Amino acid sequence: MTETEVPEDHPRYASLVTRHRIEAGVEQGITSKQGLIAQGRGEAFDYLLGERTLPSADAAARAAAATLLLADRPVISVNGNVAALAPAETVDLADAVDADLEVNLFNHTDERVRRIADHLRDHGANEVKGLAGDGEIPGLDHARGVVDADGIEAADVVVVPLEDGDRAAALDAMGKTEIVIDLNPGSRSPRTADVPIIDNLLRAVPNVTAHAKDLADARPAELERTVDEFDADAALDAAEAAIREGSFADGDGA
Ligand code: ATP
């Protein structure tokens, strides 16, 4: 069954489409096999969250949009899962907040960076960073710390969807403001983030874009208030509570 053959009324439609995209990403050399494992973990948490955007995640998406609109040099970091799951949505977000796109891989190969950059261009991106590799994230071994000097290294705000905990911590140590999208509220990366969005990438990215469009004419003071009012610990606690207090009785997993 291909993505287009998944019946839209199937109760697990979104989850099946997601699996197809990740599988296709591996076949195209965009997503690593490790990415399949990350997907499995994410899917389990999405199930426990009820496959919906919690109000706390929506508040996080709005704070993320305000943070990006206030940023001087925002960069969206793109890995193999992000590229496979939401390429057009990620390009739309970059356009809405005037951010750079940078391919940044845990299992780095130049070939895969090039394929992902091409894939993003096929979905409307103009410039895609990540191939220069002339900068670094201090504190990580070379293969994992390599970034572009005029991209992530110089950024003030970085969106790191599905980042691993070590790199999230190393970016935090560099003084970056981090926006993390991750379905697991217990993962180290959202716990390091200034703005953790505990939601599926497929829902969260378009939601941040929608908030950014809504806030496009807001004055800096209003944007700053939106950022200040957001409480990262409360958002993590709300997601954890939704998982712990959910029930399978209504069949939606939460
Ligand atoms: P950490 O090092 O931060 O503790 P981890 O070891 O829990 O991370 P990894 O296996 O490195 O996590 O990365 C997978 C992460 O990505 C998981 O936390 C998973 O919940 C998340 N994830 C996978 N797919 C999605 C998705 N579609 N949307 C949001 N998050 C996702």
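Residues numbered from 1 in each chain as written. Predicted model: local features only at pLDDT ≥ 70, side-chain atom pairs only at ≥ 80, totals over all residues. Heavy atoms only, no water.

The name given to the chain in an unreviewed UniProt entry is 4-phosphopantoate--beta-alanine ligase, with Halorubrum xinjiangense as the source organism. According to its UniProt record, the chain has this under Sequence similarities (unreviewed entry): "Belongs to the archaeal phosphopantothenate synthetase family." Listed under Pathway (unreviewed entry) in UniProt, the entry text for the chain is "Cofactor biosynthesis; coenzyme A biosynthesis." (UniProt positions renumbered as here; feature names shortened; annotations may be inferred.)

Spatially, five strands are ordered β2-β1-β5-β6-β7 in an open sheet, and the strand pairing comes out parallel. One side of each edge strand has no neighbouring strand; the edge strands of this open sheet are β2 (100-103) and β7 (195-197). Ignoring which end each strand starts from, the neighbouring axes of this sheet average 20° apart. Sheet topology note: the strand β1 (residues 74-78)/β2 ladder contains four bridges and is parallel. The residue bridging Val75 from the neighbouring strand is Asp100, located in β2. Running over the sheet, helix α10 (residues 201-214) touches β5 (157-161), β6 (177-181) and β7 and is turned about 135° from β6. (Pairing = 2+ DSSP bridges. Helix = DSSP H or I, 4+ residues; strand = E, 2+ residues; numbered from the N terminus. Axes fitted to C-alpha atoms, helices over the stretch in contact; angles between N-to-C directions. Contact = heavy atoms within 4.5 Å.)

The first and last C-alpha atoms of helix α12 (residues 232-245) sit 20 Å apart over 14 residues, in line with the 20 Å expected at 1.5 Å per residue. Those residues of α12 not exposed but buried are Ala232, Ala235, Leu236, Ala239 and Ala242. Buried residues of α12, viewed axially, fall in a sector of 125°; they line one side. Every exposed residue of α12 that faces more than 90 degrees away from the buried side is listed here: Asp233, Arg244 and Glu245. In this structure, the buried side of α12 is in contact with α2 (33-49), α3 (55-70), α9 (188-192) and β7. Where α12 begins, the side chain of Asp231 points an oxygen toward the backbone nitrogen of Asp233, at a separation of 3.1 Å. (Expected span 1.5 Å × (residues − 1). Buried < 20%, exposed > 50% of the residue type's maximum accessible area, 1.4 Å probe, protein only. Arc of directions from axis to C-beta. Polar contact = N/O pair within 3.5 Å; in protein donor to acceptor, adjacent residues only side chain to side chain.)

Mapped onto the elements, Gly80 comes out in helix α4 (residues 80-85). For Gly80, a relative accessible area of 4% puts it in the buried group. For the pair Gly80 and Asp217, spaced 137 residues apart in sequence, the C-alpha separation works out to 33 Å. Sequence-distant contacts of Gly80, that is, excluding residues within four places in its chain, are made with Ile30, Thr31, Leu105, Arg112 and Ile116.

Attention now moves to the environment of Val159. As for its position among the elements, Val159 is in strand β5. Each C-alpha atom of the pair Val159 and Thr90 lies 10 Å from the other, and the pair is 69 residues apart in sequence. Other than its neighbours up to four places away in sequence, Val159 contacts Leu68, Val75, Ile76, Ser77 and Ile179.

As a further point, take the pairing of β6. The buried fraction of β6 amounts to four of the five residues, a majority that puts the element mostly inside the structure. Running through helix α8 (residues 165-173), the crossover from β5 to the neighbouring parallel element β6 is right-handed. Taken together, the three bridges between β6 and β7 define a ladder with parallel strand orientation. Looking at β7, one finds that Val180 is bridged to Pro196. (Right-handed = clockwise from strand over helix to strand, strands pointing away.)

Turning to the site of the ligand, a few remarks are in order. Taken together, 17 residues lie around the ligand, and Arg41, Gly165, Asp182, Ser187 and Arg188 are the ones closest in. Taking Arg188, its side chain carries an N or O atom lying 2.8 Å from an oxygen atom of the ligand. Within the contact set of the ligand, a nitrogen atom lies 2.9 Å away from a backbone nitrogen or oxygen of Leu201. Bound to the protein, the ligand loses 86% of the 630 Å² it would expose on its own. Within the residue set of the shell around the ligand, elements represented by two or more residues are α2 and α9. (Near = heavy atom within 4 Å. Areas by Shrake-Rupley, 256 points an atom, 1.4 Å probe, with all protein chains shown as cover.)

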